[in-house]
Amino acid sequence: MKEITKRPFGLRTIRFQDCDPYGHLNNAKYLDYMINVREDHLIHEYDVNVFAMAQKEQRSWLVGHNEIAYLKPANVMEEVRIETSLIDFTERYVKAEMAMLDKDATHVKAVLWTKFYHFDFKQGQGIAHDPKMISLFENIKIDVVQDSVEARARFLAKSLKGLAAVR
């Protein structure tokens, strides 16, 4: 059985059409890059295809809340590292963390917390996760002690500075 990765990462190149006139990634585009990587991780790391689930079972997750902290700009044609993880869940929602770093993971560019609500499209309402999903969540959740995305971003940035000093 494949070992579970609790904080997988993916590399992406920041594209020209997603940037402002200064060559910085547009603030709204951070969400696109980060959520796209999370969707890839769900499929490839956990065998959870939210799109197939929506089509076949008429249920999936809807974004209910986003919080993002921007620390450093992502620049046009820069390769960035995006790490994702599950940081909280209940029977009705999951909360994911997505952190965009430079390619070498030496500094944090942005941290996003997104709360996704489990939703049944046939019933038109939120629903509880099944026991199989709850079991997966228990196995992949990481512990986060910070109570805000800003505090978490500062913590991650400080942690990377500490690692850089050791390297």
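Above this text is the structure in question.
Criteria and cut-off values
- Residues numbered from 1 in each chain as written.
- Predicted model: local features only at pLDDT ≥ 70, side-chain atom pairs only at ≥ 80, totals over all residues.
- Heavy atoms only, no water.
- Helix = DSSP H or I, 4+ residues; strand = E, 2+ residues; numbered from the N terminus.
- Rg over C-alpha atoms; globule rule 2.2 N^0.38 Å.
- Phe/Tyr/Trp six-rings, centres within 6.5 Å; stacked < 30°, edge-to-face > 60°.
- Lys NZ or Arg CZ within 6 Å of the ring centre and 35° of its normal.
- Buried < 20%, exposed > 50% of the residue type's maximum accessible area, 1.4 Å probe, protein only.
- Contact = heavy atoms within 4.5 Å.
- Core = buried A, V, L, I, M, F, W, Y, C linked by side-chain atoms within 4.5 Å.
- Salt bridge = Lys/Arg side-chain N within 4 Å of Asp/Glu carboxyl O.

What to know about the overall build of the chain
Thought 1: Along the backbone of the chain there are four helices and six strands.
Thought 2: Order of helices (α) and strands (β) in the chain, N terminus to C terminus: β-α-α-β-β-β-β-β-α-α.
Thought 3: For 167 residues, the compact-globule estimate of 2.2 N^0.38 gives 15 Å, and the C-alpha radius of gyration of the chain, at 17 Å, lies within 12% of that figure.
Thought 4: By principal-axis analysis of the C-alpha atoms, the chain measures approximately 45 × 35 × 30 Å.

Some words on the packing of aromatic side chains
Thought 1: Scanning the entire structure with this criterion turns up four aromatic pairs.
Thought 2: Of note, R81 hangs over the ring of F9, and the distance from its end group to the ring centre comes to 3.6 Å.
Thought 3: The ring of Y93 has K115 lying over it, and the distance from NZ or CZ to the ring centre is 4.3 Å.

Thoughts on the environment of K132
Thought 1: Within the element layout of this structure, K132 appears in helix α3 (residues 131-140).
Thought 2: On the basis of relative accessible area, K132 is assigned to the exposed category, the value being 72%.
Thought 3: Expressed as a C-alpha distance, the spacing of K132 and G64, which sit 68 residues apart in the sequence, is 22 Å.

Some details on the side chain of R38
Thought 1: Tracing the sequence through the fold places R38 in helix α1 (residues 27-46).
Thought 2: Discounting chain neighbours no more than four positions away, the residues touching R38 are Y46, T84, S85, L86, A96, M98 and I140.

Digging into the nonpolar core
Thought 1: Counting residues in each nonpolar core, the largest one holds 31 residues, and the members touching the most others are M34, V48, W61, M100 and F137.
Thought 2: For this core, the secondary structure elements donating two or more residues are α1, α2 (50-57), β3 (79-89), β4 (93-102), β5 (108-120) and α3.
Thought 3: The element contributing the most residues to this core is α1, with seven residues.
Thought 4: Setting aside chain neighbours within four positions, we find F137 in contact with W61, L86, F89, V94 and H129.
Thought 5: Formed by 14 residues, the second largest nonpolar core is a distinct cluster that contains A69, I87, L101 and V108.

Notes on unusual backbone geometry
Thought 1: Phi at M77 takes a positive value of approximately 65°, unusual for a residue other than glycine.
Thought 2: Looking at where M77 falls in the secondary structure, it is placed in the loop between β2 (59-70) and β3.

A word on the pattern of salt bridges
Thought 1: One pass over the full model with this rule turns up twelve salt bridges.
Thought 2: Residue R92 is joined to E91 by a salt bridge in which the shortest nitrogen-to-oxygen separation is 3.9 Å.
Thought 3: In this structure R92 comes out as partly exposed when scored by relative accessible area, which is 38%.
Thought 4: On the accessibility criterion, E91 (49% relative accessible area) is partly exposed.
Thought 5: Ionic contacts of the salt-bridge type, sharing partners, join the residues R7, R81, E83, E97 and R152 into one network.

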